[in-house]
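# Working through the structure, step by step
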Amino acid sequence: ITINQTDWVNITGLLIAGEGDNIDLYENGALINTGSPPLENITQFNTTQTYNITLVYNATRNYTSSYESHWIIVKDTTKPVIWWVSDTPDPITQGKNTTITANVTDNVAVDSVWVNINGTNYTMINGQNNIYNLSYNTSGLSIGLHNYTVYANDTSGNNAIPVTSNFTVVANLPPNITLNAPANN
């Protein structure tokens, strides 16, 4: 069977024929339960991988041993989440750098975070605490409003819902100088 990560599975073993009162239940070769049938084990699967579940009936004087195995495939289907994006400074003087920041999390592991500005993708750097950054020079941008979109995916190939925001590029004006001189000079 195939399940989503963090799902619970009821694994039940029955003894249809035979004698004795014990059957053994294994997960990937490790004993997880033993006892009289019906043998039940409710397990939560938190790690993405394939699990071998095997029920063993041990030999008695009158019956040979027997076993039955099944596979549980655990997949990560949870998308990463882009909680917020921001840019500073905004407005930004043409030719200066603006820093685009995003908070991105995932239940397993974020793989990549990138931002698209004017049709070009730029990889964002993971700083710390799930905060990703990109310093972007605005030299090639015209004066006005510019949209950007942040994207992310996780190590299982799930894509986050993209988040779009914008910043404003303003002209690089010369400084405004005011001369204050003493009166009557």
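The rules behind the values
Residues numbered from 1 in each chain as written. Predicted model: local features only at pLDDT ≥ 70, side-chain atom pairs only at ≥ 80, totals over all residues. Heavy atoms only, no water. Helix = DSSP H or I, 4+ residues; strand = E, 2+ residues; numbered from the N terminus. Rg over C-alpha atoms; globule rule 2.2 N^0.38 Å. Buried < 20%, exposed > 50% of the residue type's maximum accessible area, 1.4 Å probe, protein only. Contact = heavy atoms within 4.5 Å. Areas by Shrake-Rupley, 256 points an atom, 1.4 Å probe, with all protein chains shown as cover. Polar contact = N/O pair within 3.5 Å; in protein donor to acceptor, adjacent residues only side chain to side chain. Core = buried A, V, L, I, M, F, W, Y, C linked by side-chain atoms within 4.5 Å. Pairing = 2+ DSSP bridges. Axes fitted to C-alpha atoms, helices over the stretch in contact; angles between N-to-C directions. Phe/Tyr/Trp six-rings, centres within 6.5 Å; stacked < 30°, edge-to-face > 60°.

## With respect to the overall build of the protein chain
- A count of helices and strands for the protein chain gives 0 helices and 16 strands.
- Computed over its C-alpha atoms, the radius of gyration of the protein chain comes to 30 Å, more than 25% above the 16 Å expected for a compact globule of 185 residues.
- For the protein chain, the spread of C-alpha atoms along the principal axes amounts to about 120 × 35 × 20 Å.
- When each of the 185 residues of the protein chain is scored for burial, the buried share is 31%.
- For the protein chain, contacts bridging at least 24 residues in sequence account for 61% of all contacts bridging at least 6.
- In the structure as shown, the protein chain presents an accessible area of about 11,400 Å², 49% of it carried by carbon and sulfur atoms.

## Overview of the side chain of asparagine 52
- Tracing the sequence through the fold places asparagine 52 in strand E6 (residues 50-57).
- Polar side-chain contacts of asparagine 52 include one of 2.7 Å to the side chain of threonine 54.
- The residues contacting asparagine 52, other than those within four sequence positions of it, are Tyr26, Glu27, Asn28, Ser69, His70 and Trp71.

## Concerning the nonpolar core
- Core analysis: the largest hydrophobic core is formed by 20 residues, its most contacted members being Ile100, Val115, Met124, Tyr148, Val150 and Phe167.
- Secondary-structure elements contributing two or more residues to this core are strand E8 (81-88), strand E10 (97-105), strand E11 (110-117), strand E14 (131-137), strand E15 (144-154) and strand E16 (163-170).
- Once residues within four sequence positions are removed from consideration, phenylalanine 167 is found in contact with Asp87, Asp90, Ile92, Thr98, Ile100, Tyr136, Thr138, Leu141, Gly144, Leu145, His146 and Tyr148.
- Val9, Ile11, Ile23 and Ile72 belong to the second-largest nonpolar core, a separate cluster that totals 13 residues.

## Some details on the sheet that holds E6
- Reading across from one edge, E1-E7-E6-E3-E4 is the order of the 5 strands in this open sheet, with mixed pairing throughout. Of all strands in the sheet, those bounded by a partner on one side alone are strand E1 (2-4) and strand E4 (30-35). Averaged over all pairs of adjacent strands, the angle between strand axes in this sheet comes to 25°, irrespective of strand direction.
- Looking at chain direction, strand E3 (residues 23-27) and E6 are connected through 4 bridges and run antiparallel. Bridge pairing in E6 links tyrosine 26 to threonine 54.

## Here's the deal with the packing of aromatic side chains
- With the rule as written, the count across this model stands at 4 aromatic pairs.
- Between tyrosine 122 and tyrosine 136 the ring centres are 5.3 Å apart and the planes differ by 65°, which places this aromatic pair in the edge-to-face class. Here tyrosine 122 is found in strand E12 (residues 120-123), whereas its partner tyrosine 136 is found in strand E14, with 14 residues between them in sequence.
- Using a relative accessible area of 27% as the deciding quantity, one classes tyrosine 122 as partly exposed.

## Section: unusual backbone geometry
- Note that the residue after proline 37, namely proline 38, is joined by a cis bond; omega there is 0°.
- Mapped onto the elements of the fold, proline 38 is located in the loop between E4 and strand E5 (39-44).
- Omega for the peptide link from aspartate 90 to proline 91 comes to 10°, which places this bond in the cis form.
- With respect to the element layout, proline 91 can be found in the loop between E8 and strand E9 (92-93).
- At asparagine 118, a residue that is not glycine, the phi angle is positive and equals roughly 50°.
- Topologically, asparagine 118 is positioned in the loop between E11 and E12.
- The exposure class assigned to asparagine 118 is exposed, which follows from its relative accessible area of 52%.
- One non-glycine residue with positive phi stands out, namely asparagine 130, at about 65°.

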